[in-house]
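Each chain, letter by letter, is given below.
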Amino acid sequence: MRTVSLIRGINSQGMEGRICIGSNAKLLFRSNRFILLLLLITFWTYAAFYVQYYSRLSSRKGDNEAFLGRERMRKQDDHVNNAVSEENYRRQRLVPNENPSVVVSGKVLIGGLRRNSTSYGLVMGPFDSTEDRILEKRPTGGCDENGEFARVVRGRKFVVVLHELTMTGAPISMMELATELLSCEATVSVVVLNKKGGLMAELVRRKINVVKDKKIVSFKTAVEADVVIPGSAVCASWIEQYRAHFPGSQSENIAWWIMENRREYYKMSKHVLNRVKMLIFLIEPQSKEWLAWAAEDNINLDSQEISVAPLSVNDELASVAGISSSSDTSSSSGPELMLHKRKELRKAVREEMGLRDSDVVVMCLGSINPSKGQLLFLESAQMVVDKELPSEANIREVVSEGERVLQEQTLKILIGSLWSKSNKLEYVEAMLRIMYQHPNLSKSVIWTPTTTRVAALYSAADVYVTNSQTKFGETFGRVTIEAMAFGLPVLGTDAGGTEDIVDHNKTGLLHPLRRPGNQVLAQNLQFLLENPLARKKMGTRGREKVEKMYLKRHMLEKLASAISRCMTTI
């Protein structure tokens, strides 16, 4: 009985314990239900904030793309880049057919380039310190106080619009225009639509005022200016928003300097072409093309002033090339002295590169992407290096048989602008793959980083190649006239501005677009490699053409007329 009672006691105590514990748990749950509810509310609030934050971040990116007009042309631009050469584009991710068993990843290729592996060419430069040591103080230009440009802009207010800050033709040209306006005692503000690129430090160094905001503040600054000068078709969206913010006639003060000649750029710009006071183009063929496109779309441009103002070689480069400028106040012996220094610079830079006197340097500068055609250029160079050419180039009226002197010279390829933010990484990888598969080619290639200091590069080179692969070629090609100023013959595609600037068989040699042009380019390379007298004669003629047409004073004369007409009709 005692045992049974004890068991019953234990059981009853256990049951009471369980009941007590269960009751306490229910009380605890009920008392903390409010806290759990608060935790759930906090969690959902945080989740909603997270989603909202990243949605805004995404929309800001979209707004920025829209602001630059890229939502209008992303698909078109991708189509153009892919259509530049479909066969070429397919090769970007493929190993060339010579050894299909070898597969090299893009990461390995770029890593090899960064390590300066000889399998991918050598990286040399920049040569800023060498330039500074040899050239010392160089004329940097300045205002021709008695010139028409100074008379027109002095005391006036200008807004210059840059679509980006990459070290390419349009942004650099617009920066130099802002500098020229400042030197001629105008008030200048610069609006930057996309800070991509490395020119901001240079704008600061030149003491050019950059408007911090690209919307409301920039619009208010622009409406107070005498003339607003956007420097690219990509500025279309900014112009549209500016005109919408100030719809009256006071916002018509726009002289739009359009530097592109692809129809995709026209399509993103056409809706505001007739909402500016003046359209400025780089060359006559570009002007005619845009006006024809507008006529096709029934866009009436009768009220718009139309002008043409080509780019120019800036005073600093012209000085190093030994060409005196209108604003050069140095003595008459200046050009001769600079020519002597340029020879010294050439010798020093080529020694840094490890080059011999018998090496012929063929240079190609610019953003590395399919539209610029550097991959096709390498394919042509590979034919020369590996001696795969079937026959001699068909060159006429360059040198007589008596002048022709064949010399055993070695081809060297100098390519820039490495590490530029406007380069297409996959395209660089495709170029590296070709070099990896052709050791002789890789030994012939020198890469150089992106830079605004190019006098040393032009001085070291012997031939220049501009191999633009778009249907209309380069709109202008400022590097082409810079190379010509330094006495370099130019090998270019027979389209667009290159065809307009380069006189075939006189200042250079032209070849067809795309892969059909590869063999012609290779033959032209071979011809100039073997004929130093032809190189010299073409280079001399090219330099003479620059002195007649493409110096800063020529550009400023055209711009002075355009700006004057723009202000008169406002």
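A brief look at the structure comes next. Since we're looking at a predicted model, the values are computed, not measured. (Residues numbered from 1 in each chain as written. Predicted model: local features only at pLDDT ≥ 70, side-chain atom pairs only at ≥ 80, totals over all residues. Heavy atoms only, no water.)

**A closer look at the overall build of the protein**
A count of helices and strands for the protein gives 23 helices and 14 strands. Here the protein, with 570 residues, has 52% of them falling under the buried criterion. Within the protein, residue pairs in contact and separated by at least 24 positions form 79% of the contacts whose partners lie at least 6 positions apart. When the accessible surface of the protein is split by element, carbon and sulfur atoms take 52% of a total near 27,300 Å². (Helix = DSSP H or I, 4+ residues; strand = E, 2+ residues; numbered from the N terminus. Buried < 20%, exposed > 50% of the residue type's maximum accessible area, 1.4 Å probe, protein only. Contact = heavy atoms within 4.5 Å. Areas by Shrake-Rupley, 256 points an atom, 1.4 Å probe, with all protein chains shown as cover.)

**Thoughts on unusual backbone geometry**
Residue glycine 125 is joined to proline 126 through a cis peptide bond whose omega torsion reads 0 degrees. With respect to the helices, strands and loops of the structure, proline 126 is situated in the loop between strand S1 (122-123) and helix H5 (128-135). In this chain, glycine 416 is followed by serine 417 through a cis amide linkage whose omega measures 15 degrees. The topology assignment puts serine 417 in strand S10 (residues 410-418). Positive phi is not limited to glycine here, since asparagine 505 has a value of about 70 degrees. Here asparagine 505 lies in the loop between helix H20 (496-501) and strand S14 (508-511).

**Let's talk about the side chain of asparagine 194**
Along the chain, the position of asparagine 194 falls in the loop between strand S3 (187-192) and helix H8 (200-205). Residue class for asparagine 194 comes out buried when judged on its relative accessible area of 14%. Here lysine 196 takes part through its backbone nitrogen, which lies 3.0 Å from a polar atom of the side chain of asparagine 194. (Polar contact = N/O pair within 3.5 Å; in protein donor to acceptor, adjacent residues only side chain to side chain.)

**Quick notes on the sheet that holds strand S12 (residues 463-466)**
Spatial strand order, S1-S11-S10-S9-S12-S13-S14: seven strands in an open sheet with parallel pairing. Looking at the sheet topology across the chains shown, the edges are occupied by S1 and S14. In the sheet, strand S9 (residues 359-364) pairs with S10 via six bridges, with the strands oriented parallel. Considered in S10, the bridge of methionine 363 is made with leucine 414. Taken strand by strand, helix H15 (residues 374-385) contacts S9, S10, strand S11 (445-449) and S12, and its axis lies near 165 degrees from that of S10. (Pairing = 2+ DSSP bridges. Axes fitted to C-alpha atoms, helices over the stretch in contact; angles between N-to-C directions.)

**Things to note about the sheet that holds strand S4 (residues 209-210)**
Strand order in the open sheet made by the four strands is S4-S3-S2-S5, with parallel pairing throughout. Each having just a single partner strand, S4 and strand S5 (227-230) make up the two edges of the open sheet. Strand direction decides the pairing type here: S3 and S4, joined by two bridges, are parallel. Looking at S4, one finds that valine 190 is bridged to valine 210.

**Digging into the packing of H15 against helix H16 (residues 425-437)**
Axis separation between H15 and H16 bottoms out at 9 Å; the angle between their running directions is 10 degrees. Regarding the angle of H15 to H16, the classification is roughly parallel. Taken together, the residues of H16 that come into contact with H15 (itself represented by Gln374, Leu375, Leu376, Leu378 and Glu379) are Tyr427, Ala430, Met431, Ile434 and Met435. Classifying every residue of the contact of H15 with H16 by side-chain character gives eight nonpolar, one polar and one charged. (Parallel < 35°, antiparallel > 145°, perpendicular 65-115°, else oblique. Nonpolar A, V, L, I, M, F, W, Y, C, P; charged D, E, K, R; others polar.)

**A word on the packing of aromatic side chains**
Aromatic rings considered in pairs are described by the distance between their centres and by the relative angle of their planes. Within the structure shown, the criterion is met by 12 aromatic pairs. Where tryptophan 290 meets tryptophan 293, the ring centres are 6.1 Å apart and the plane angle is 55 degrees; that geometry is what we call tilted. Within this pair, tryptophan 290 and its partner tryptophan 293 are both found in helix H12 (residues 284-296), separated by three residues, close to a single helical turn. On the basis of relative accessible area, tryptophan 293 is assigned to the buried category, the value being 2%. Between the aromatic rings of tyrosine 458 and phenylalanine 486, the centroid separation amounts to 5.3 Å while the plane-to-plane angle is 25 degrees, which identifies the pairing as stacked. Placement of tyrosine 458 in helix H18 (residues 455-460) and of phenylalanine 486 in the loop between helix H19 (478-485) and strand S13 (490-493) is noted, with a sequence separation of 28 residues between them. Of the residues examined, tyrosine 458 reaches a relative accessible area of 1% and is grouped as buried. Take phenylalanine 486: its relative accessible area is 2%, and that puts it in the buried class. Here the aromatic cluster, defined as three or more aromatic residues joined through ring pairs, consists of Phe219, Trp238, Tyr242 and Phe246. (Phe/Tyr/Trp six-rings, centres within 6.5 Å; stacked < 30°, edge-to-face > 60°.)

**What about the side chain of serine 173?**
With respect to the helices and strands, the residue serine 173 is situated in helix H7 (residues 169-183). On the basis of relative accessible area, serine 173 is assigned to the buried category, the value being 6%. Separated by 2.7 Å, the side chain of serine 173 and the backbone oxygen of glycine 169 make a polar contact. Here serine 173 is in contact with Met259, Leu311 and Arg478, once residues within four sequence places are set aside.

**Some points on the pairing of S12**
Residues of S12 alternate between two faces, with Val463 and Val465 on one and Tyr464 and Thr466 on the opposite face, all of them buried. Sheet analysis places S12 next to S13, joined by three bridges and oriented parallel. Across the sheet, residue tyrosine 464 finds its bridge partner in S13, namely valine 490.

**Overview of the nonpolar core**
The biggest cluster of nonpolar side chains holds 87 residues, and the ones touching the most others in it are Phe149, Trp257 and Tyr458. At eight residues, helix H23 (residues 552-568) tops the list of elements feeding residues into this core. Built from parts of two domains, this core gets at least three residues from each of domain 1 (148-313) and domain 2 (316-388 + 408-551). Counting 38 residues, the second-largest nonpolar core is a separate cluster that includes Leu432, Ile434, Trp447 and Met538. (Core = buried A, V, L, I, M, F, W, Y, C linked by side-chain atoms within 4.5 Å. Domains from an automatic or database assignment.)

**Some words on H16**
Between its first and last C-alpha, H16 extends 19 Å over 13 residues, near the 18 Å set by a 1.5 Å rise per residue. Every buried residue of H16 is accounted for by Tyr427, Val428, Glu429, Ala430, Met431, Leu432, Arg433, Ile434, Met435 and Gln437. (Expected span 1.5 Å × (residues − 1).)

**Section: the environment of leucine 375**
With respect to the element layout, leucine 375 can be found in helix H15. The spatial distance from the C-alpha of leucine 375 to the C-alpha of methionine 431 is 5.5 Å, given a sequence separation of 56 residues.

**Let's talk about helix H9 (residues 216-223)**
Since one α-helical turn is 3.6 residues long, residues separated by three or four positions face the same way. Buried within H9 we find Ser218, Phe219 and Ala222. The buried residues of H9 occupy one face: seen down the axis, they fall within an arc of 100 degrees. Next to the buried residues of H9 lie strand S2 (157-162), S3, S5 and helix H10 (236-245). (Arc of directions from axis to C-beta.)

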